[in-house]
Structure formats: C-alpha cells, structure tokens
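Chains, contacts and geometry: an overview
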Amino acid sequence: MKTNLITAAGYTQLKQEFDHLWKTERPETTKKVAWAASLGDRSENADYKYNKQLLRQIDRRLRFLRKRLEDVQVISHSAQQNGRVFFGAWVEVESLDGDKKTLRIVGPDEIYHRNDYISIDSPMARALLKKEVDDEAMVKTPSGMKVWLINKIWYEKD
C-alpha cells in the first residue's frame, strides 16, 4: 500500500499536471473529437478513434489525480527534525565499498523521472528513518544485507 505523504513541491507538481490536463489538454482533445465526428463515418475514422482514446486516457489520469490530491497529506519540514532522517530529508550515504549516493526521501508520487528521489516505502528509506550522521543503516537487498553509513543530512525549503 502506498503511503499518502507528499512534499509541498510534489503536491504543487501534481496540481499543475491536473490543471494542465483539465484546462488545456482535455478541451483541445474534445475539439478534435468533435471535429472528427463531424466528418461522418466513425468506424473508419482514424482521427476520431485516436483522439477518443486519448480523451479516455486524459479522463483516467484526471480521475486518478483528483482522488490522489484529496488523499495525500502534505508534510512540511520542522526544525525539530534537524540532524535526523525524516520525510523530505536529503541524505548522503556511503557503502562499505565506497559507493556514495545522495538521496531524498519523498512520497511515492514524486519518485518518477528522478534518480535521486526514493519512496518512503522503499527498504532503503525505511532503514534510514530516524538515523543521525555517522549511524549505519542495514538495508535488505536481493543479494543480502548491505550496510550504508550516513555522511550528511539536510532539508530544503519547499
């Protein structure tokens, strides 16, 4: 089950996508469908079929976003979190092999198209939560347990 947490920036991004689909994409596609339908025989009308399918995809995404925007809880940074890993934290970790990564713990809706964001539901994020600098996090991977040392923790304003 997905966690219903999101950063303020993530919420803004979802809201902008919803607004763009609702105010721009959907009206344009609806006009194209109406134009293609006015040409007559719809059974062999590629414009009509394609745009009708596109309109269904847009409507499906709009329904998902509307429900998701109602369900998510926006989490803002609190000064009490400084020095420990919580939701929204940027964390620099290093494995015993010397492999370094910089990650941000965010909600599952925010991880797409970003290699440096991880979901709070991921095993890595769960292992890092509530840890401090110089703590070790044990992460269960398909190849066995992996140890990560926390080098740095910081938060950005949204």
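The structure reproduced in this document is the subject of the present report. Since we're looking at a predicted model, the values are computed, not measured.

Quick look at unusual backbone geometry now. One non-glycine residue, H113, adopts positive backbone phi at about 70 degrees. Here H113 lies in the loop between β4 (100–106) and β5 (117–119). Phi at K130 is positive, roughly 70 degrees, even though this residue is not glycine. Summarising the element assignment, K130 is placed in the loop between α3 (123–128) and β6 (136–141). Given the relative accessible area of 54%, K130 is considered exposed.

Read from one edge to the other, the open sheet built from five strands follows the order β5-β4-β3-β7-β6, with strand pairing classed as mixed. Because the sheet does not close on itself, it has two edges, and the strands there are β5 and β6. Across the sheet, the mean angle separating the axes of adjacent strands is 45 degrees when strand polarity is ignored. Relative to β4, strand β3 (residues 90–95) runs antiparallel, the two sharing five bridges.

Moving on to the layout of surface pockets. Taken as a whole, the largest pocket spans an internal volume of roughly 240 Å³. In this structure, the largest pocket is lined by K2, G10, Q13, L14, E17, R61, F64, D109, E110, Y112, H113 and R114. Within the residue set of the lining of the largest pocket, elements represented by two or more residues are α1 (8–37) and α2 (46–71). Counting residues per element, the lining of the largest pocket draws most heavily on α1, which supplies four residues. Each residue belonging to the lining of the largest pocket can be placed in one class, and the counts come to three nonpolar, three polar and six charged.

Thresholds, definitions, all that
Residues numbered from 1 in each chain as written. Predicted model: local features only at pLDDT ≥ 70, side-chain atom pairs only at ≥ 80, totals over all residues. Heavy atoms only, no water. Helix = DSSP H or I, 4+ residues; strand = E, 2+ residues; numbered from the N terminus. Buried < 20%, exposed > 50% of the residue type's maximum accessible area, 1.4 Å probe, protein only. Pairing = 2+ DSSP bridges. Axes fitted to C-alpha atoms, helices over the stretch in contact; angles between N-to-C directions. 1 Å grid on protein atoms, 1.4 Å probe; cavity = no way out; pocket = protein on both sides within 12 Å on 5 of 7 lines; lining within 4 Å. Points joined across faces, edges and corners; volume = space filled by probe spheres on them. Nonpolar A, V, L, I, M, F, W, Y, C, P; charged D, E, K, R; others polar.

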